[in-house]
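Examination of the molecular architecture
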Amino acid sequence: MDIPEIFINNINSEITKESYIDCNIQIFKNGVRIVNKPTTIKGRGHSTWMFPKKPYNIKFSEKIKLLGLGTHKKWILLANWMDNTSMRNVISLELANRIMPYVSKYIYVKLFINNEYQGLYLLCEPIEDFDYLVEFNSVIDDDDVYFETSNFGYKCIVKEPSVTNDSIEFLNIRDSINNIENILVSGDFTELSTKIDLRSFVDYLLIQELVGNEELQYPKSTYMYINKNGKFCAGPVWDFDWGTFIADDNNFLFRKYEKYMWYHKLFESQEFINLLKLRWNEVKSITSGILQFGDEIKTEISEEVKTNNAMWPIKDVWETLVAQGFDLYPNGNPELDFETSSQN
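Let me begin by describing the structure that accompanies this report. Fair warning: this is a prediction, and the values are worked out from it, not measured in the lab. By convention here, each chain's residues receive numbers from 1 onward along its written sequence. Local features in a predicted model are, by the rule used here, given only for residues with pLDDT of at least 70; side-chain atom pairs are given and counted only at 80 or more, and totals for whole chains, interfaces and linings are based on all residues. Hydrogens and water molecules were not included; the side-chain quantities draw on all heavy atoms of the structure.

A word on helix 7 (residues 270-283)
The cut-off we apply is this: The numbering of helices and of strands both runs from the N terminus, where a helix is a DSSP run of H or I of at least 4 residues and a strand a run of E of at least 2. What a helix is expected to span follows from its residue count: subtract one and scale by 1.5 Å. Residues are treated as being in contact if the distance between any of their heavy atoms lies within 4.5 Å.
In this model, helix 7 (14 residues) spans 20 Å end to end at C-alpha, consistent with the 20 Å of a helix rising 1.5 Å per residue. At its buried positions, helix 7 is contacted by helix 4 (198-211) and helix 6 (263-266).

Here it is as structure tokens:
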């Protein structure tokens, strides 16, 4: 696999999460330079920004098509430091792409910053090209505009549009989310179906269960958008590098945890259960090729991942991070090499 190379140079100050700084980007594919443009860069992520290998946002002055993906002003470079297979996000996004809409497209790249190699990254399309988008996340940054939901106490960040805590749009979104939780608690599922798109919540759950995503228990990185009919939809899916693909006793996650986002209440709806059964029968054949896809990706990136992991070892630094409050062991990554971890 000839992995494209991205060079981000002319950076004259420290990269932070707070603001974009000017730089230049060059992209090479098969040894040929296909992009050479001014751009801007900043750090990204909640807890991931604190890890040794940093994730980044890139923002151009205008929309640009990159490496056969979509056309966007903003692009994301995922570091995947906690995943020493570098495959969890890719397999999860590929699976989601076969089942539901608005899934970020991606491509592996080798990243260089000021001509110094940073390792294997995943260049992704942004997930914020929505008029209305919220993120449920138990980890909050200082500049996040958020509220806590009235019934379940989930922290809900308003990602789009840009709002303040006292703006009309913020208050409308807050009231709509709280109204949905009130309806869930009341058990009026006929009314609920006028507020949320049940099919999207079914598809979203199928993805989470198939990849064993533990993060909805908190929840973290759980997004919803409003569709053209004014209903809240689950998605787009995001963030699978940690707490996923964990060997368990075949226990469904929505049963394993007392709360699993809103699903502990949705399973009180017979309409939701019936739709879940129907949808699984529709998509299970689509998912059958994912194991082969994973094997192919493993073969294509194995040498580059081993180089990356030698640069950015997890095991050597995990004790310090755990002492700071991070739990790195759910995936078993620190103790396993690439071959063993990817096979698991």
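Overview of the packing of helix 4 against helix 7
Test applied: Here, axes are lines fitted to C-alpha atoms. For helices the fit covers the stretch in contact, and angles between N-to-C directions go from 0 to 180 degrees. Put simply, angles under 35 degrees are roughly parallel, angles over 145 are roughly antiparallel, angles from 65 to 115 are roughly perpendicular, and the rest are oblique. Crossing handedness is defined as follows: a turn of the near helix away from the far one that is anticlockwise and smaller than a right angle gives a left-handed crossing, while the clockwise case is right-handed.
Closest axis-to-axis distance for the helix 4/helix 7 pair is 9 Å, and the angle between their directions is 60 degrees. Classified by the interaxial angle, the pair formed by helix 4 and helix 7 is oblique. Judged by the sense of rotation from one axis to the other, the crossing of helix 4 with helix 7 is right-handed. Contacts between helix 4 and helix 7 involve Leu198, Arg199, Phe201, Val202, Asp203, Leu205, Leu206 and Leu210 from the first element and Glu271, Phe272, Leu275, Leu276, Arg279, Trp280 and Val283 from the second.

Focus on the packing of helix 1 (residues 88-97) against helix 4
For any two helices packed against each other, the geometry is given by the interaxial angle and the distance between the axes. Here is the rule we go by: For this classification, Asp, Glu, Lys and Arg are treated as charged, while Ala, Val, Leu, Ile, Met, Phe, Trp, Tyr, Cys and Pro are nonpolar and the rest, including Gly, are polar.
Helix 4 packs onto helix 1 with a crossing angle of 145 degrees between their chain directions and a minimal axis gap of 10 Å. Crossing geometry of helix 1 relative to helix 4 is assigned as right-handed. Facing Ser92, Leu95 and Ala96 of helix 1, the residues of helix 4 in contact are Ile207, Leu210 and Val211. Broken down by class, the residue content of the contact of helix 1 with helix 4 amounts to five nonpolar, one polar and no charged.

Things to note about the packing of aromatic side chains
We apply this condition: Any pair of Phe, Tyr and Trp rings, taking the six-membered ring for Trp, is counted once the centres come within 6.5 Å. Such a pair is stacked with planes under 30 degrees apart, edge-to-face with planes over 60 apart, and tilted for the rest. A simple rule labels every residue: compare its accessible area, found with a 1.4 Å probe on the protein chains alone, to the largest value its type can have, and call it buried under 20%, exposed over 50%, or partly exposed in between. Here, over-ring charges are defined by two tests on the NZ atom of lysine or the CZ atom of arginine: distance to the ring centre within 6 Å, and angle to the ring normal within 35 degrees.
According to the stated counting rule, one finds 18 aromatic pairs in the structure shown. Ring plane angle 40 degrees and centroid distance 5.0 Å describe the contact between Phe51 and Trp81, whose orientation is recorded as tilted. One end of the pair, Phe51, is in the loop between strand 3 (32-43) and strand 4 (56-65); the other, Trp81, is in the loop between strand 5 (71-78) and helix 1, with 30 residues separating them in the sequence. Trp81 shares its class with Phe51; the two are buried. Both rings, one in Tyr102 and one in Phe130, keep their centres 5.4 Å apart while their planes meet at 75 degrees; by these two values the pair is edge-to-face. Of this pair, Tyr102 sits in the loop between helix 1 and strand 6 (106-113) while Phe130 is found in the loop between strand 7 (116-124) and strand 8 (133-136), placing the two residues 28 residues apart along the sequence. A network of ring pairs unites the aromatic residues Phe136, Phe152, Tyr154, Phe201, Tyr260, Trp262, Tyr263, Phe267 and Phe272 as a single cluster. The ring of Phe293 is capped by Arg98, whose NZ or CZ atom sits 5.9 Å from the centre of that ring. The positively charged end of Lys220 is found above the aromatic ring belonging to Tyr218, 4.8 Å away from the centroid.

A look at the environment of Val202
As for its position among the elements, Val202 is in helix 4. Separated by 26 residues in the primary sequence, Val202 and Ser176 have C-alpha atoms spaced 20 Å apart. Ignoring sequence-local partners within four residues, the contact set of Val202 consists of Phe272, Leu275, Leu276 and Arg279.

Quick word on the sheet that holds strand 11 (residues 222-226)
Condition: Strand pairing is assigned whenever DSSP detects at least two bridges linking the two strands.
A sheet is described by the order of its strands in space; here five strands give the open sequence 9-10-8-11-12, paired in antiparallel fashion. In this open sheet, the two strands that pair with only one neighbour each are strand 9 (146-148) and strand 12 (232-234). Averaged over all pairs of adjacent strands, the angle between strand axes in this sheet comes to 30 degrees, irrespective of strand direction. Here four bridges tie strand 8 to strand 10 (residues 155-160), and the two strands are oriented antiparallel to one another. Bridging across to strand 10, Glu135 finds its partner in Ile157. Helix 2 (residues 168-186) rests against strand 8, strand 9, strand 10 and strand 12 of the sheet, and its axis sits at about 30 degrees to strand 9.

Points about helix 2
Residues spaced three or four apart along an α-helix point in a common direction, a consequence of the helix completing one turn every 3.6 residues. Taking 1.5 Å per residue as the helical rise, helix 2 with its 19 residues ought to reach 27 Å, and the 27 Å between its terminal C-alpha atoms agrees with that figure. Its buried side turned inward, helix 2 meets strand 8, strand 9, strand 10, helix 3 (189-192), strand 12 and helix 6. Trailing helix 2 by a residue or two, Gly187 shows a phi angle of about 80 degrees, which is positive.

Regarding the pairing of strand 2 (residues 21-29)
Direction of pairing for strand 1 (residues 5-9) relative to strand 2: antiparallel, over a ladder of five bridges. Each bridged residue has a counterpart across the sheet, and for Asn9 the counterpart in strand 2 is Asn24. Inspection of the sheet shows strand 2 paired to strand 3 by nine bridges, in the antiparallel sense. Counted as the bridge partner of Ile21 is Ile41 from strand 3.

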